[in-house]
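Residue strings, one per chain:
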Amino acid sequence: VQLQASGGGWVQPGGSLRLSCAASETISSLNDVDWYRQAPGKQREFVAIITEAGNTNYADSVKGRFTISRDNAENTVYLQMTNLKPEDSAVYFCEADGIAANWERFRSWGQGTLVTVSS
């Protein structure tokens with residue numbers, strides 16, 4: 001099962017974007033889903049997580065500005081990003097584990113979506 005991250009783009013400081021993470025094929029369920037990001041020359045860092053039960057946690061750098069949510073009917077997870085700052089510029093990746101349509105467990109990374117925050 002592959003994950004597809006989408007919704008990235010260019011936005012001015014203070015702007016907003018919503019990223020989506022969904023499986024590329026029909027699956028039974030998504031369990032815990034994380035968002036990570038990697039800026040040029042930097043290590044990949046944790047951004048947010050939402051558990052199967054809907055519990056969330058965020059990196060300190062995005063608390064109060066980013067909101068992770070999920071639509072279980074669509075097996076999609078969203079990352080709403082507001083008040084974006086230039087330091088939020090990075091490639092954003094989603095990572096998730098879940099149950100495939102054949103009932104096998106999977107764990108996958110999305111291909112990444114680029115977010116650029118600049119004036």
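Novice: An account of the pattern of salt bridges is needed here, citing residue identities and associated values.
Specialist: If you walk through the whole model with that rule in mind, you get seven salt bridges. Taking the shortest distance from any N to any O, the salt bridge between Arg37 and Glu45 comes out at 2.6 Å. Owing to a relative accessible area of 5%, Arg37 belongs among the buried residues under this scheme. Asp97 is the partner of Arg107 in a salt bridge, and the nearest nitrogen-oxygen pair spans 3.9 Å. Of this pair, Arg107 sits in strand S10 (residues 105-109) while Asp97 sits in strand S9 (residues 90-100); the two residues are 10 residues apart in sequence, bridging distant segments of the chain. Of the residues examined, Arg107 reaches a relative accessible area of 60% and is grouped as exposed. Within the structure, one salt-bridge network assembled from shared partners comprises Arg37, Glu45, Arg65 and Asp88.

Novice: With reference to specific residues and values, describe the sheet that holds strand S8 (residues 76-81).
Specialist: Taken in spatial order, the four strands of this open sheet run S1-S3-S8-S7, and their pairing is antiparallel. Each of the sheet's edge strands pairs with one partner strand only, and the pair in question is strand S1 (3-6) and strand S7 (66-71). Neighbour-to-neighbour, the strand axes of the sheet open up by a mean angle of 15°, direction not taken into account. Sheet topology places S1 next to strand S3 (residues 17-23); four bridges connect them, and they run antiparallel. Looking at S3, one finds that Leu3 is bridged to Ala23.

Rules and cut-offs
Residues numbered from 1 in each chain as written. Predicted model: local features only at pLDDT ≥ 70, side-chain atom pairs only at ≥ 80, totals over all residues. Heavy atoms only, no water. Salt bridge = Lys/Arg side-chain N within 4 Å of Asp/Glu carboxyl O. Buried < 20%, exposed > 50% of the residue type's maximum accessible area, 1.4 Å probe, protein only. Helix = DSSP H or I, 4+ residues; strand = E, 2+ residues; numbered from the N terminus. Pairing = 2+ DSSP bridges. Axes fitted to C-alpha atoms, helices over the stretch in contact; angles between N-to-C directions.

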